[in-house]
Amino acid sequence: MSDRKVAIVTGSATGVGAATALSLANRGYNLLINYSKSEAEAKASLAACQAAGADTLLVQGDVADDADCRRLALAAVDRWGRIDALVNNAGITSFAGVANWEALDTATFERIYGVNVIGAFQMVRACLPQLKAGGGGSIVNVSSIAGALGIGSSVAYIASKGALNALTLHLARTLAPEVRVNAVCPGLISTRWFVDGVGQEKADQIQAQFEKAVPLQTACTAEDVAEAIVWLVTGARTTTGELLMLDGGMHLGRATPRP
């Protein structure tokens, strides 16, 4: 068994997942890097973690497929004999907006739910024996302010993140005291994922509007979200069932005008 703690970060080729994996590597964790399509970026994430001193494993897999989830967990156990942390970061959306009810077909809705909610549950189930065995396991679900406020890129995404928040609370109750379960709920994150979804010009407009409206007048970076995730994994000894808002104060309402 490895002396270093082990973390699985799903969807860790780019963005929040890659930043989280690297930050955990810098804190002495070995990492399983997971991706579904972005192989080149996943290899770059792997190389960065290795340069930080981590023994790192790269495994392709779709978290919506239970067999893939079990394969990811087994790969970590075969390599290191333990799993100490699971970060359910893999997520998808459709930038369909919420005004056009015909923009989402059933297959797209089910696919979003399959990755964002069912995938997180399947990963927890696959990793749970190892997470419980160490007596100090940690699960962090990467959710969204969409699930708390009912706003976001599509109805399916909003519903999936609301369900993920509810799942987080349920798991926190049922897996204590061996495993802590928390979620981070970012607002706008300035990542490639967002830009690819709406285009650079629209992304810049939305970010400017967001930063003008929220109390802290700033959007999250991937590193901001990773910092919170890593705190929940490596510290936060008495914290479970927390839905941590990383939204610049968006949930408080619009910024108060200055005199």
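Residues take numbers from 1 onward in each chain, read along the sequence in its written order. At least 70 in pLDDT is required for a residue's local features to be given in this predicted model, at least 80 for side-chain atom pairs to be given and counted, and no such filter applies to totals for whole chains, interfaces and linings, which use all residues. Hydrogens and water are ignored here; the side-chain numbers use all heavy atoms of the structure.

Considering the pairing of strand 5 (residues 137–142)
The side chains of a regular strand alternate between the sheet's two faces. Most of strand 5 is tucked away, with six of its six residues classed as buried. Side chains Gly137, Ile139 and Asn141 project from strand 5 onto one buried face, and the interleaved Ser138, Val140 and Val142 project onto a second face that is buried too. Strand pairing follows a simple DSSP-based rule, namely that at least 2 bridges must link the two strands. Put simply, DSSP marks the helices as runs of H or I at least four residues long and the strands as runs of E at least two long, and each gets a number from the N terminus on. Looking at chain direction, strand 4 (residues 85–88) and strand 5 are connected through four bridges and run parallel. Looking at the pairing, Val87 lines up with Val140 of strand 5. Where strand 5 and strand 6 (residues 179–186) come together, six bridges link them in parallel fashion. When the bridges of strand 6 are listed, Gly137 appears paired with Val179. Type-normalised accessible area, obtained with a 1.4 Å probe on protein chains alone, sets the label of each residue: buried when under 20%, exposed when over 50%, and partly exposed for intermediate values.

With respect to the pattern of salt bridges
Once their charged atoms are close, side chains differing in charge can pair, the charge on each being opposite to the other. The rule for a salt bridge is simple: a side-chain nitrogen of Lys or Arg has to be within 4 Å of a carboxyl oxygen of Asp or Glu. Under the definition given, this model contains seven salt bridges. For Arg125, the salt bridge identified is with Asp66, shortest N-O distance 3.3 Å. Residue Arg125 is found in helix 4 (residues 106–133), and its partner Asp66 is found in helix 3 (residues 66–80); the two are separated by 59 residues along the sequence. The shortest N-O distance in the salt bridge between Asp84 and Arg82 comes to 2.8 Å. Asp84 gets classed as buried once you look at its relative accessible area, which sits at 14%.

Some remarks on helix 1 (residues 15–26)
Here helix 1 is 12 residues long and its end C-alpha atoms lie 17 Å apart, about the 16 Å a rise of 1.5 Å per residue gives. Burial in helix 1 covers these residues: Val16, Gly17, Ala18, Ala19, Thr20, Ala21, Ser23, Leu24 and Ala25. Contacts are assigned to residue pairs that have any heavy atoms within 4.5 Å of one another. Close packing links the buried residues of helix 1 with strand 1 (6–9), strand 2 (30–35), helix 2 (39–51), strand 4 and helix 9 (222–234). One or two residues past the end of helix 1 sits Gly28, with phi positive at roughly 95°. Expected span of a helix, by definition, is 1.5 Å for each gap between consecutive residues, and there is one gap fewer than residues.

Observations regarding unusual backbone geometry
Following Ala176, the chain continues into Pro177 via a peptide bond in cis, with omega recorded as 5°. In this model, Ala236 sits at a positive phi of 50°, which is unusual for a non-glycine residue. Following the sequence through the fold, Ala236 ends up in the loop between helix 9 and strand 7 (243–246).

Brief notes about the layout of surface pockets
For cavity detection a 1 Å grid was placed over the protein atoms alone, and a set of points counts as a cavity when a 1.4 Å probe fits there but cannot get out; an open set counts as a pocket when protein lies on both sides within 12 Å along at least five of seven lines, with lining residues being those that have an atom within 4 Å of a point. Grid points are joined across faces, edges and corners, and a volume is the space filled by probe spheres set on the points. Taken as a whole, the second largest pocket spans an internal volume of roughly 190 Å³. In this structure, the second largest pocket is lined by 15 residues; those nearest its centre are Lys5, Gly136, Arg180, Val233 and Gly235. Looking at the lining of the second largest pocket, the elements that each hand over two or more residues are strand 5 and helix 9. Each residue is assigned to one of three groups, with Ala, Val, Leu, Ile, Met, Phe, Trp, Tyr, Cys and Pro labelled nonpolar, Asp, Glu, Lys and Arg labelled charged, and all others, Gly among them, labelled polar. Residues of the lining of the second largest pocket, tallied by class, amount to four nonpolar, six polar and five charged.

Structural notes on the packing of helix 1 against helix 2
An axis is simply a line fitted to the C-alpha atoms; with a helix, the fit covers only the stretch in contact. Between two such axes, the angle follows the N-to-C directions and lies from 0 to 180 degrees. At a minimum axis separation of 8 Å, helix 1 and helix 2 run at an interaxial angle of 15°. Taken together, the axes of helix 1 and helix 2 lie roughly parallel to each other. Viewed along their axes, helix 1 and helix 2 form a crossing whose handedness is right-handed. Between helix 1 and helix 2, the contacting residues are Ala18, Ala21, Leu22 and Ala25 on the first element and Ser45, Ala48 and Cys49 on the second. Considering only residue class, the contact of helix 1 with helix 2 consists of six nonpolar, one polar and no charged. Oblique is the label for every angle not falling under 35 degrees (roughly parallel), over 145 degrees (roughly antiparallel), or within 65 to 115 degrees (roughly perpendicular). Handedness of a helix crossing follows the sense of rotation of the near helix relative to the far helix, less than a right angle counterclockwise being left-handed and clockwise being right-handed.

Focus on the sheet that holds strand 2
The parallel open sheet is built from seven strands, whose spatial order is 3-2-1-4-5-6-7. Of all the strands in the sheet, the pair left with one neighbour each is strand 3 (56–60) and strand 7. For this sheet, the mean inter-axis angle between neighbouring strands, taken without regard to orientation, is 15°. Each of strand 1, strand 2 and strand 4 is contacted by helix 1, which is oriented at about 175° to strand 1, the strand it contacts most.

Describing the environment of Gly235
By the secondary structure assignment, Gly235 is in the loop between helix 9 and strand 7. According to the relative accessible area criterion, Gly235 is partly exposed, its value standing at 25%. Among all residues touching Gly235, those that are not within four sequence positions of it are Arg180 and Val230.

Focus on empty space enclosed by the protein
According to the stated counting rule, one finds one cavity of 30 Å³ or more in the structure shown. Empty space within the largest cavity amounts to approximately 40 Å³. Lining of the largest cavity is provided by Thr10, Val63, Asn88, Asn89, Ala90, Val115, Asn116, Gly119 and Ala120. With four residues, the top contributor of residues to the lining of the largest cavity is helix 4. In terms of residue class, the lining of the largest cavity is built from four nonpolar, five polar and no charged.

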